[in-house]
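Structural overview
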Amino acid sequence: IKDINWFSTYRVHHRVASSFRKGRVFLLGDAAHVHSPLGGQGMNTGIGDAINLGWKLEAVLTRGAPSSILDTYEKERIGFARQLVATTDKAFSFVNRRSTLATAIRTRMVPFVLPMFFHSAAVRRYVFRLVSQTQINYRSSALSTGVLHHIHGGDRLPWLREQDNYAPLSTLDWQVHYYGEAVWDLVDWCKYHELPLHFFPPNGKIPPRTLCLVRPDGYVGWIGHRGDLTSLGRYVAQWRIS
């Protein structure tokens with residue numbers, strides 16, 4: 001660099017609002033949390049906030065859902081925001097540390113060790129899920145019900161490459177997924193409750209006879225077996241989904 005015509009000082013702030021909701025006021029995106037750009041997580045987090053709050057507002061305003069569903073927005077999003085700000089703060093502090101040891105680690109050790117880590121497919125998968133934020137779950141949310149094998153209510157719906165069970169999610173609506181042969185009692189039940197129903201062949205990721213109600217944002221709201229329609233009916237009635 002031979003000449004600088006203009007420059008400004010960049011200061012990093014790390015903040016998370018103490019609450020994401022107060023009455024009719026909601027905070028999301030940069031209004032709710034700011035942090036270092038390290039890792040490029042700010043945009044993804046803001047979009048995640050907007051999707052989470054958007055479908056819930058629509059449910060209350062146009063579908064008659066109880067206003068209590070809006071309380072789940074803060075519960076589901078604030079914990080991840082706090083974790084993100086804490087981790088990016090530590091990483092940014094390390095990157096900018098001026099000690100001899102930190103400089104040696106950044107310039108000598110990291111370029112040597114990092115490629116070795118990324119030779120592992122497991123490490124690459126973990127980093128992808130971390131950076132893409134697909135590892136986020138809402139298991140502790142009031143909207144999350146049921147556990148079946150390794151899948152919990154509040155988990156992101158596992159993607160099946162062969163059957164592409166994500167294709168129906170483009171409707172951005174509640175829908176029922178069943179992993180097994182078509183069964184008429186389930187067809188009739190979903191027709192009565194005006195819920196879209198999609199059948200998929202069983203897969204290694206999702207066991208046979210798994211029945212799940214998928215939220216508009218692609219997360220599992222309720223999960224169980226086909227014989228658990230009574231439990232599913234209570235869930236649908238509680239949140240006035242149909």
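For the structure itself, look to the data block above.
The residue count restarts for each chain, going from 1 along the sequence in the order it is written. Where totals are concerned, whole chains, interfaces and linings use all residues; where local detail is concerned, this predicted model gives features only for residues with pLDDT of at least 70, and gives and counts side-chain atom pairs only at 80 or more. The side-chain numbers reported here are obtained from all heavy atoms of the structure, hydrogens and water having been left aside.

Moving on, we come to the overall build of the protein. Secondary structure elements are defined from DSSP: runs of H or I of at least 4 residues count as helices, runs of E of at least 2 residues count as strands, and each element is numbered from the N terminus. Check the secondary structure of the protein and you find six helices and 10 strands. Split into buried and exposed, the 242 residues of the protein put 38% on the buried side. Any two residues whose heavy atoms approach within 4.5 Å at even a single point are treated as in contact. The contacts in the protein between residues at least 6 apart in sequence include a share of 57% that link residues at least 24 apart. In this description, accessible areas are obtained by the Shrake-Rupley approach with a 1.4 Å probe, and a residue is regarded as covered only by the protein chains that are shown. Accessible surface, the protein as shown: approximately 14,700 Å² in total, 59% of it carbon and sulfur. Charge counting follows a simple rule: Lys and Arg are positive, Asp and Glu are negative, and His as well as the terminal groups are ignored. Each charge is placed at NZ for Lys, CZ for Arg, CG for Asp and CD for Glu. Of the side chains in the protein, 29 bear a positive and 18 a negative charge, and the two mean positions are spaced by 11 Å. Exposure is judged per residue with a 1.4 Å probe applied to protein chains only, and the accessible area is read against the type maximum: over 50% gives exposed, under 20% gives buried, and values in between give partly exposed.

Along a regular strand, successive side chains alternate from one face of the sheet to the other. Among the six residues in strand E10 (residues 220-225), five count as buried, and that is most of the element. Note on pairing: DSSP must find at least two bridges between two strands before they are called paired. Where strand E9 (residues 210-214) and E10 come together, five bridges link them in antiparallel fashion. Looking at the pairing, Thr210 lines up with His225 of E10. A loop of five residues connects E9 with E10, the two strands running antiparallel in sequence, and Gly218 in this loop sits at a positive phi of about 90°.

The next thing to look at is empty space enclosed by the protein. Only protein atoms enter the 1 Å grid used here. Points where a 1.4 Å probe fits but cannot escape make up a cavity, open sets with protein on both sides within 12 Å along at least five of seven lines make up a pocket, and a residue lines them when an atom lies within 4 Å of a point. Grid points are joined across faces, edges and corners, and a volume is the space filled by probe spheres set on the points. Tallying each qualifying case throughout the model produces one cavity of 30 Å³ or more. Reported here for the largest cavity is a volume of approximately 50 Å³. Contributing to the lining of the largest cavity are Ala59, Arg63, Ala65, Ile69, Trp174, Trp239, Arg240 and Ile241.

As a further point, take unusual backbone geometry. With a phi close to 65°, Gln133 is a non-glycine residue in the positive phi region. Mapped onto the fold, Gln133 is located in the loop between helix H4 (121-132) and strand E5 (147-148). Notably, Asp164 is not glycine yet its phi reads approximately 50°, a positive angle. Mapped onto the elements, Asp164 comes out in the loop between strand E6 (151-152) and strand E7 (175-179).

Below, the discussion takes up the pattern of salt bridges. By definition, a salt bridge exists where a carboxyl oxygen of Asp or Glu is found within 4 Å of a side-chain nitrogen of Lys or Arg. All told, the structure shown has nine salt bridges when counted by the stated rule. One salt bridge in this structure joins Arg77 and Asp49, with 2.7 Å as the shortest N-O distance. One end of the pair, Arg77, is in helix H2 (residues 71-96); the other, Asp49, is in helix H1 (residues 42-63), with 28 residues separating them in the sequence. Here Arg77 falls in the buried class, since its relative accessible area comes to 2%. Residue classification places Asp49 among the buried positions, given a relative accessible area of 1%. Counted as one network, the salt bridges with shared partners bring together Lys56, Glu76, Arg215 and Asp217.

What follows deals with the layout of surface pockets. Within this model, the largest pocket holds a volume of roughly 680 Å³. Lining the largest pocket are 18 residues; nearest its centre among them are Arg129, Thr134, Pro158, Trp159 and Lys205. For the lining of the largest pocket, the element with the highest residue contribution is H4, accounting for three residues.

Looking now at the nonpolar core. Within soluble globular proteins, side chains that are nonpolar generally end up buried alongside one another. Within this scheme, the nonpolar core is defined by two criteria: the residues are buried Ala, Val, Leu, Ile, Met, Phe, Trp, Tyr or Cys, and they are joined through side-chain atoms within 4.5 Å. With 29 residues, the main nonpolar core has Leu195, Leu211, Leu213, Leu232, Tyr235 and Ile241 as its most contacted residues. Elements represented by at least two residues in this core include exactly H1, H2, E7, helix H5 (184-192), E9 and helix H6 (229-238). Look past the residues within four positions of Leu211 in its chain and what remains in contact with it is Val176, His177, Tyr178, Leu186, Trp222, Ile223, Gly224, His225, Arg226, Leu229 and Leu232. Counting 12 residues, the second-largest nonpolar core is a separate cluster that includes Leu157, Phe200, Cys212 and Ile223.

With five of its five residues buried, E9 lies for the most part within the structure. The side-chain alternation of E9 yields two buried faces, one formed by Thr210, Cys212 and Val214 and the other by Leu211 and Leu213.

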